[in-house]
Every structure is written in C-alpha cells, then in structure tokens.
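The lines below spell out each chain.
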Amino acid sequence: MCKPEEDTKKVVIVGAGPAGLLASILFLRRNERASQQKYQVTIVDPGVNYGKLDANGLQRKRSWMIGLSAHGLGAIRSVDGLYENHVRGLGIDIEHAIIGLSPSIKIHREASEIIDKDSAFTVDRNFICAALAKYLTEKYESEGITKRMVNVTSSDGDKVEMPEFRSYYDTRALFVDYDKKRVLVREETSDEDMFLDYDLIIGCDGIRSVVRNAIASTNRDFEFSIRGTFGKGKAVHVDCPPEVKDGTFFFLRNAVPNMDSFTLPETGRKLNVNLGYAMNTEDKIDPVLKSDDVDAISAYFKKHFHAFEMDCDDAAKQWVSQSWNTISQVHCNIYHDSKRMILLMGDAAHATSPQIGQGMNTALADAAAFDRMLDTHKDNLSAALETFSEERVKEGNALTDLSFYTFSLSSSQQLKVMIGSMIR
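Nothing here was measured: the structure is a model prediction, and the numbers come from that model. The residue numbering used here restarts from 1 in each chain and proceeds along that chain's sequence as written. Residues qualify for local features only when their pLDDT is at least 70, as the model is predicted, and side-chain atom pairs are given and counted only at 80 or more; totals for whole chains, interfaces and linings, by contrast, use all residues. Hydrogens and waters are ignored; side-chain quantities use all the structure's heavy atoms.

Caption draft 1: Structural context of the overall build of the protein chain. Counting its secondary structure elements, the protein chain contains 12 helices and 21 strands. We compute the radius of gyration over the C-alpha atoms and compare it with the globule rule, which gives 2.2 Å times the number of residues raised to the power 0.38. Here the C-alpha atoms of the protein chain give a radius of gyration of 23 Å, agreeing with the 22 Å that 2.2 N^0.38 yields for 424 residues. In terms of overall dimensions, the protein chain has C-alpha extents of about 80 × 50 × 45 Å along its principal axes. The buried share among the 424 residues of the protein chain stands at 52%. Note on contacts: a residue pair qualifies if any of its non-hydrogen atoms lie within 4.5 Å across the two residues. Taking as baseline every contact in the protein chain between residues at least 6 positions apart, the subset at least 24 positions apart corresponds to 70%. Using the Shrake-Rupley algorithm and a 1.4 Å probe, accessible areas are obtained, with residue cover drawn only from the displayed protein chains. Carbon and sulfur atoms form 49% of the exposed surface of the protein chain, whose accessible area is close to 20,000 Å². We count Lys and Arg on the positive side and Asp and Glu on the negative side, and we leave His and both chain ends out. The atom standing in for a charge is NZ when the residue is Lys, CZ when it is Arg, CG when it is Asp and CD when it is Glu. Across the protein chain, the 51 positively charged side chains and the 61 negatively charged ones have centroids separated by 3 Å. Strands here mean DSSP runs of E at least two residues long; helices mean DSSP runs of H or I at least four residues long; both are numbered from the N terminus. The rule is simple: take the accessible area with a 1.4 Å probe, protein chains only, and divide by the maximum for that residue type; under 20% is buried, over 50% is exposed, in between is partly exposed.

Here it is as structure tokens:
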C-alpha cells in the first residue's frame, strides 16, 4: 500500500532581516533535499528588496557595521556558496585597534590580540540582508528560471497551486488571525489588504513584533518585556584618512565632549563612526548636537573631533538627516506557540544592545538552529517548535543580560574595565 503524500506546509515569514531571509533559504533547501517539496515559503517585509539594488543603490542604504562572529558565520556557511559567493566581498576584516583615552593618548594594538579570529569580519547589516535577498531572488524568482510550483491546501480546504517561494516587499503585516491561521498584510504602494494563509508563521519582525503580539494576546503562559538600555546615539559614514590603515577599529573615549565612539572599518576605505552617550549624562550633551543647524554641527565637529581627519560638513549633513537612535532589549520566556503554530526569531525574540555585536549573529543562528531541529524531528513542526524554545531561550536571555551589564554607565569605570581586560 502506497503511503499518501503529505501536504506541502505553508510557511509565512514576517520580516526580511537576517533571520527571516536565512530561514527562507533553509526551508527551501529542505525541499531540494526531499523526495517531495515539503514547504511553500512566503516572506513579507515593509521595506525594499535589497537584493535587487545595484551597487549605488546599496551604498545609499548603508546602516551600521556589525561584526560577524563564529555562530553567525557558521549559520551562513551552512549554505553552500552563500558566504563565498555573496557575503565575503561585502565586509572587511578588523586587523588593527586603536583605543583613544584622550585626544593625545592612544593605545595601538593588533586586533588579533583582543578579538578572536572568527569575530574579526565586519559588514554592514543591510549588506548582509542584500546578499541573502539576492541569493533568494536569483535562485527562486529571477526571470528565465523555471519556478517550481507546489500544491497547498487553502484555508477553505481547496487545493491551490502556487510558487514554491513568494516575496512581498513594500508590504506590512497588520494582524495575525491565529484562529484561522492567516495574517492580514497591506501592500503599501496600492494600499490594498489581503490575507496570507499559513501552517507556520515566523515572526522576524523586530522589537515591535506584530507576530509576537499574537502570542501575547492569547497565550497566558507567555511573558515578555521591552526595556531600554539608557543610551542614545547617531552614526555617520566618512572617508578613511590616508594615515589610517585598512581594517582599523577605534574605541574613543570622549570622541567629542561626553560622547564615546565605536568606529568600525567599512569597504571602500570608509569608516562607520558611531557616537553615543548614556542618558544619565543627557544634560552634559551640547545643545548644538540636538539641533538641525548643519553649519553649527560641522563647526562643533571641527573643534572637538580629533581622532582623525574627516569631512565635517558631510558628517554634519548626515547627522541632521537622522533621528537619535535609542536601543531597546526584548526578553521572552518562550519563543513559540505550538497551538497557534507561531515562532519568534531574531529581535522579535531577543533584541539586544549592539554593544557586544551579537544581535545579528544570534538571529542568523536562530534560523540555522531551527533547520537543525527540523532534521532532528523529521520535519515535525510542533516538536521542532518546542525544542527551539528549550534551546534558544536560554541563549537569547543570557545574551541580552550580558550585553546590558557588560558596559557601565560610568565612562571612567568602563575605561578601567576595558584596560584591565586588555592587560589580562
């Protein structure tokens, strides 16, 4: 007697960040390895498809540099050719470190002395999204390729044929109807609403997650919190001065009065200068930095920023073009709801301060971990959801605690800790 074919499962992924994009790739890879296609994958995101931007368009979407460490790199490398062909050329290895204690006192170190080898690769967060989105677009949506079709069961019980992979960019998730297992989304250019059916919905939609709200509104066992990290900041992209070596990282105490800076190298001989302060020092920040006066801010940078030469006029224009960034952290006691077939990954589950550079890495690791759990449970989604929470909640909450308590609100105390660590 022949075993009946199992229905293809509809997976809707909300959020085309690192976790959502890599999860899409890994679900589709499962289809390639199976005798029959197990999953139909739909990804929804309110932003643009970074994978379709040309080089100039992507440069205009620069965000902030993030160090890819072992577990993030390992997740990307689990897909053949993804790192080598799509990611490697987008970032730069940190080779040198400069710790600026004052405008005249700087400590120079080789990065290998203070950073693990597998944690020295830095890349713009949006460039990672572009690489993963481009991989998906080229492999599953490009013109000229034969798109594989799958048969799925609609919420009405009808058999429907649809592409194995669909992407809805410029489309915002509004509400998860968990009773009928569908999500309401709105296409922002046309302002049209539609429902997408799912057998599993994965929330990779950030700190203010719509998908997480669906668990919070109905699951009495679910608890979560969102709290700030008491910091504010802005970031600008500047040309790297000739005297600064490629791959140089800076930590600058009082880069401008009462503001510290993490400055990371970028491709194209650029530096990503992040300036921030603890909110308990709000009254010490010069009011000019909170204004929209480009000329005044440029003059302020020229007077006070001494770490290296930079185009202060351009930096000031970038400064006023953005709002102040505040950092929030998310703690959840579980990352899933088996009854309603909901899963959380990335910032929706465990948003963390960027101070230890592990948010994107852990998001990528989430996607790889769930793929591994589907292997373990032979694609039993409910069992994999349970195991995901058992494993990942401990790591996610430890990560957010670590990032919160690693840095002191006292800059002098923090400096002592950093120097002590370097000496050890």
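Once the structure has been displayed, the description carries forward.
Caption draft 2: Spatial organisation of the packing of helix H1 (residues 18–33) against helix H5 (residues 125–141). All axes are obtained by fitting lines to C-alpha atoms, using only the stretch in contact for helices, and the reported angles, taken between N-to-C directions, cover 0 to 180 degrees. At a minimum axis distance of 9 Å, the contact between H1 and H5 shows a crossing angle of 25°. Taken together, the axes of H1 and H5 lie roughly parallel to each other. Here H1 and H5 pass one another in a crossing that is left-handed. For the pair H1 and H5, the contacting residues are Pro 18, Leu 21, Leu 22, Ser 24, Ile 25, Leu 28, Arg 29 and Glu 32 in the first and Arg 125, Cys 129, Leu 132, Ala 133, Tyr 135, Leu 136, Lys 139 and Tyr 140 in the second. Small angles under 35 degrees read as roughly parallel and large ones over 145 as roughly antiparallel, with 65 to 115 read as roughly perpendicular and the rest as oblique. Helix crossings are classified by the rotation of the near helix relative to the far one: an anticlockwise turn of less than a right angle makes the crossing left-handed, while a clockwise turn makes it right-handed.

Caption draft 3: Spatial organisation of the pairing of strand E18 (residues 270–278). Both strand E15 (residues 224–239) and E18 contribute to a ladder of nine bridges, which runs antiparallel. Residue pairing in the sheet places Ala 235 in a bridge with Asn 274 of E18. Here strand E17 (residues 259–266) pairs with E18 via seven bridges, running antiparallel. Bridged to Glu 266 within E18 is Lys 270. In this antiparallel pair of consecutive strands, E17 and E18, the connection spans three residues, and Gly 268 shows a positive phi of 70°. Being paired, for any two strands, means DSSP has found at least two bridges between them.

Caption draft 4: View of the sheet that holds strand E1 (residues 9–14). Read across the open sheet, the six strands follow the order E10-E2-E1-E14-E21-E20; overall the sheet is mixed. In this open sheet, the two strands that pair with only one neighbour each are strand E10 (165–168) and strand E20 (336–337). As paired strands, strand E2 (residues 39–44) and E10 are joined by four bridges and run parallel to one another. In the sheet register, Val 44 faces E10, and the bridge partner there is Tyr 168. This element, H1, spans E1, E2, E10 and strand E14 (200–203) of the sheet and lies at about 165° to E2.

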